[in-house]
Amino acid sequence: MKYHIFSPYRVCPLGAHVDHQHGLVTGFAIDKGVDLWFDVRDDSHVHLESRTFEGIVDFDLSLPSQVKEGHWGDYARGAKYALCKRFNLSHGITGVIQGSLPVGGLSSSAAVLIAYVMAFAKANDISLQPFEVAKIASEAEREYIGLNNGLLDQACIALGKKDGLLFLDCDTNEWRIIKRHPDMPEFEIGIFFSGLTRSLINSDYNLRVYECKTAAWDMLAYTDQPLKTFDKTFLRDIPKATFDKTRIAMPARFARRAEHFYSEYRRVRQGVTAWETGNLKLFGKLSFDSCESSIHNYECGSPELIAIYEIMRTLPGVWGGRFSGAGFKGACISLVNPADKEEIEKVLSEKYLAQFPEYEKSFQVCWVKPDDGARYVE
């Protein structure tokens, strides 16, 4: 096939569960991801096959978006839906798509959406900047797929650079790549797949988004401030001082969600400074602290993920780590000294499978490095 897009998976060491509340986030694109090979068609038909999932996807770009089918083809239709709000699409594609790692925790859905947005744009001579691609893919996931996410996943995948950390403000959409400090120790990223797979739409992901917004509404109500509609309500718009004043009055579960947001905001600020000065030890500790807050304040994480996290915290050579993705089943990530990775894999695998022998066939360890964002491969 004539064209080949590589759309990487992503990891987020700091800034979890806050993008949908317009918080601060960090992330890397990694050197594993989704490959889409395609040819441009003369007509408006789309024909897709997958080397990862069963079935064939066929639809027409010129017809209104069909109802979701609960099938991997929904992501292609979602990309079409978001692009058609802006552009006229008259040329379809014939393509084959393939993922390189297990589904769960690395935002494979966002990687796939970005690949489709780029492919449909190419087929129809539409020029998009990487950040535009990220925004269109994010809109497709929210409005068509039905996941109330922020911009973290798509931004990492579209904007990532192999020699730096993405820092994104999800309120202003300002972003920058912070280059690695020359004094920073070498690291690789360990990805530990629990063996459980998950779908975010069927998890508590959307529920947590609503809980965060309810906490914001509570604070506004307790301080006699005007309420906005739910879709325009974000924790980022409410000062921490208001939370400190009102937290005792609100139900504990909502206070915990807000506590995660405000503490994660502080951790990301500290983490960016640590990264800028090459202090990987502090950056890693903040990532561990972030996961603690995810467990106790955001209340996500299966017993399997919590077990992996608690094991890796104790291992020499692990700088830091946390759940990857939303933390409902999925995977854990860690920043690791490459000299220790074989021992880390051996000990972690033994200890985890001793607790959860039922995942012996599906538990996996993968080692990756930061990489550039989604791109055409020559």
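A few points on the structure. Everything numeric in this text was worked out from a predicted model, so none of it was measured.

The rules behind the values
- Residues numbered from 1 in each chain as written.
- Predicted model: local features only at pLDDT ≥ 70, side-chain atom pairs only at ≥ 80, totals over all residues.
- Heavy atoms only, no water.
- Helix = DSSP H or I, 4+ residues; strand = E, 2+ residues; numbered from the N terminus.
- Rg over C-alpha atoms; globule rule 2.2 N^0.38 Å.
- Buried < 20%, exposed > 50% of the residue type's maximum accessible area, 1.4 Å probe, protein only.
- Contact = heavy atoms within 4.5 Å.
- Areas by Shrake-Rupley, 256 points an atom, 1.4 Å probe, with all protein chains shown as cover.
- Lys, Arg positive; Asp, Glu negative; His and termini not counted.
- Charge placed at Lys NZ, Arg CZ, Asp CG, Glu CD.
- Pairing = 2+ DSSP bridges.
- Axes fitted to C-alpha atoms, helices over the stretch in contact; angles between N-to-C directions.
- Left-handed = near helix turned anticlockwise from the far one by under 90°.
- 1 Å grid on protein atoms, 1.4 Å probe; cavity = no way out; pocket = protein on both sides within 12 Å on 5 of 7 lines; lining within 4 Å.
- Points joined across faces, edges and corners; volume = space filled by probe spheres on them.
- Expected span 1.5 Å × (residues − 1).
- Core = buried A, V, L, I, M, F, W, Y, C linked by side-chain atoms within 4.5 Å.
- Polar contact = N/O pair within 3.5 Å; in protein donor to acceptor, adjacent residues only side chain to side chain.
- Parallel < 35°, antiparallel > 145°, perpendicular 65-115°, else oblique.
- Nonpolar A, V, L, I, M, F, W, Y, C, P; charged D, E, K, R; others polar.
- Phe/Tyr/Trp six-rings, centres within 6.5 Å; stacked < 30°, edge-to-face > 60°.
- Lys NZ or Arg CZ within 6 Å of the ring centre and 35° of its normal.

## Side note on the overall build of the protein chain
Alright, step 1. Per the secondary structure count, the protein chain includes 10 helices and 13 strands.
Alright, step 2. Relative to the compact-globule value of 21 Å for 378 residues, the protein chain shows a C-alpha radius of gyration of 21 Å, a close match.
Alright, step 3. Projected onto its principal axes, the C-alpha coordinates of the protein chain cover approximately 60 × 55 × 45 Å.
Alright, step 4. The buried share of the protein chain, reckoned over its 378 residues, is 58%.
Alright, step 5. Within the protein chain, contacts between residues at least 6 apart in sequence are counted, and of these 72% link residues at least 24 apart.
Alright, step 6. If you sum the accessible surface of the protein chain, you get close to 15800 Å²; carbon and sulfur atoms cover 50% of it.
Alright, step 7. Distance from the positive charge centre (44 side chains) to the negative charge centre (50 side chains) of the protein chain: 4 Å.

## Some details on the pairing of strand β6 (residues 164-169)
Alright, step 1. Burial runs high along β6: six of the six residues are buried.
Alright, step 2. One ladder, built from four bridges, connects strand β2 (residues 24-40) with β6; its direction is antiparallel. Following the sheet pairing, V25 is matched in β6 by L168.
Alright, step 3. With five bridges connecting them, β6 and strand β7 (residues 175-179) associate as antiparallel partners. Following the sheet pairing, L168 is matched in β7 by W175.

## Quick word on the environment of L168
Alright, step 1. By the secondary structure assignment, L168 is in strand β6.
Alright, step 2. Distance from L168 to L207, taken between C-alpha atoms, is 24 Å for residues 39 residues apart in sequence.
Alright, step 3. For L168, the residues in contact, after removing those within four places along its chain, are G23, L24, V25, F131, L151, A155, N173, E174 and W175.

## Here's the deal with the packing of helix α9 (residues 303-313) against helix α10 (residues 341-355)
What describes two packed helices is the angle between their axes and the distance between those same axes.
Alright, step 1. Running from amino to carboxyl end, α9 crosses α10 at an angle of 145 degrees, the nearest separation of the two axes being 10 Å. In this structure, α9 meets α10 at a crossing whose hand is right-handed. Across from E304, A307, I308, I311 and M312 in α9, the residues of α10 making contact are L348, K351, Y352 and Q355.

## A look at the layout of surface pockets
To find leftover empty space, a probe the size of one water molecule is rolled over the atoms.
Alright, step 1. Looking at the second largest pocket, its volume works out to about 470 Å³.
Alright, step 2. Surrounding the second largest pocket, 21 residues form its lining, H22, R142, N149, G150 and F234 being those nearest its centre.
Alright, step 3. With four residues, the top contributor of residues to the lining of the second largest pocket is helix α3 (residues 130-145).

## Topic: helix α8 (residues 280-296)
Alright, step 1. Between its terminal C-alpha atoms α8 stretches 24 Å, which fits the 24 Å expected from 17 residues at 1.5 Å a residue.
Alright, step 2. Where α8 is buried, its residues touch β6, α7 (252-276), α9, β9 (318-324) and β10 (331-336).

## A closer look at the nonpolar core
The tendency in soluble globular proteins is for nonpolar side chains to be buried side by side.
Alright, step 1. Within the largest apolar cluster, 120 residues are counted, with the highest numbers of intra-cluster contacts made by Y116, F120, I189, I191, F192, L235 and W275.
Alright, step 2. Sort the elements by how many residues they give to this core and helix α2 (residues 108-123) lands first, with 13 residues.

## So, the environment of D19
Alright, step 1. In this fold, D19 is placed in the loop between β1 (3-11) and β2.
Alright, step 2. Sequence spacing of D19 and D31 is 12 residues, and the spatial spacing of their C-alpha atoms is 23 Å.
Alright, step 3. If sequence neighbours within four positions are ignored, D19 has contacts with V25, G150, L151, L152, C170 and Y205.
Alright, step 4. Within the structure, D19 has its side chain in polar contact with the backbone nitrogen of L151 (distance 3.3 Å).

## Considering the packing of α8 against α9
Alright, step 1. Running from N to C, α8 and α9 cross one another at 150 degrees; their axes reach a closest spacing of 12 Å. Here α8 is positioned roughly antiparallel relative to α9, judged by the angle of their axes. Seen along the crossing, α8 lies across α9 with a hand that is left-handed. Of α9, the residues touching α8 (which contributes F288, C291, E292 and I295) are I306, Y309, M312 and R313.
Alright, step 2. Across the contact of α8 with α9, the residue classes break down as six nonpolar, no polar and two charged.

## With respect to the packing of aromatic side chains
Alright, step 1. Following the criterion strictly, the structure yields 19 aromatic pairs and no others.
Alright, step 2. Seen from their ring centres, F192 and W367 are 6.1 Å apart, and the 85 degrees between their planes marks the pair as edge-to-face. Here the residue F192 occupies a position in strand β8 (residues 188-193), and W367 occupies one in strand β11 (residues 364-368), the gap between them amounting to 175 residues. Of the two residues examined, F192 and W367, each falls in the buried class.
Alright, step 3. Aromatic side chains Y210 and F230 sit 6.3 Å apart centroid to centroid with 20 degrees between the ring planes, which places their arrangement in the stacked category. Residue Y210 is found in helix α5 (residues 205-222), and its partner F230 is found in the loop between α5 and α6 (240-246); the two are separated by 20 residues along the sequence.
Alright, step 4. Every member of this aromatic cluster is reached through a ring pair, and the members are F28, F187, W275 and F283.
Alright, step 5. Lying across the ring of F288, R313 places its NZ or CZ 4.5 Å from the centre.

## Some words on the side chain of D35
Alright, step 1. Inspection of the secondary structure puts D35 in strand β2.
Alright, step 2. Looking at D35, its side chain comes within polar contact range of the side chain of H4, at 2.6 Å.

## Notes on the side chain of S7
Alright, step 1. In this fold, S7 is placed in strand β1.
Alright, step 2. On the basis of relative accessibility, which here comes to 0%, the residue S7 falls in the buried class.
Alright, step 3. A polar contact is formed between the side chain of S7 and the backbone oxygen of A111, at a distance of 2.7 Å.
Alright, step 4. Apart from residues no more than four positions distant in its own chain, S7 is found in contact with G33, V34, A111, I114, A115, I157 and A374.

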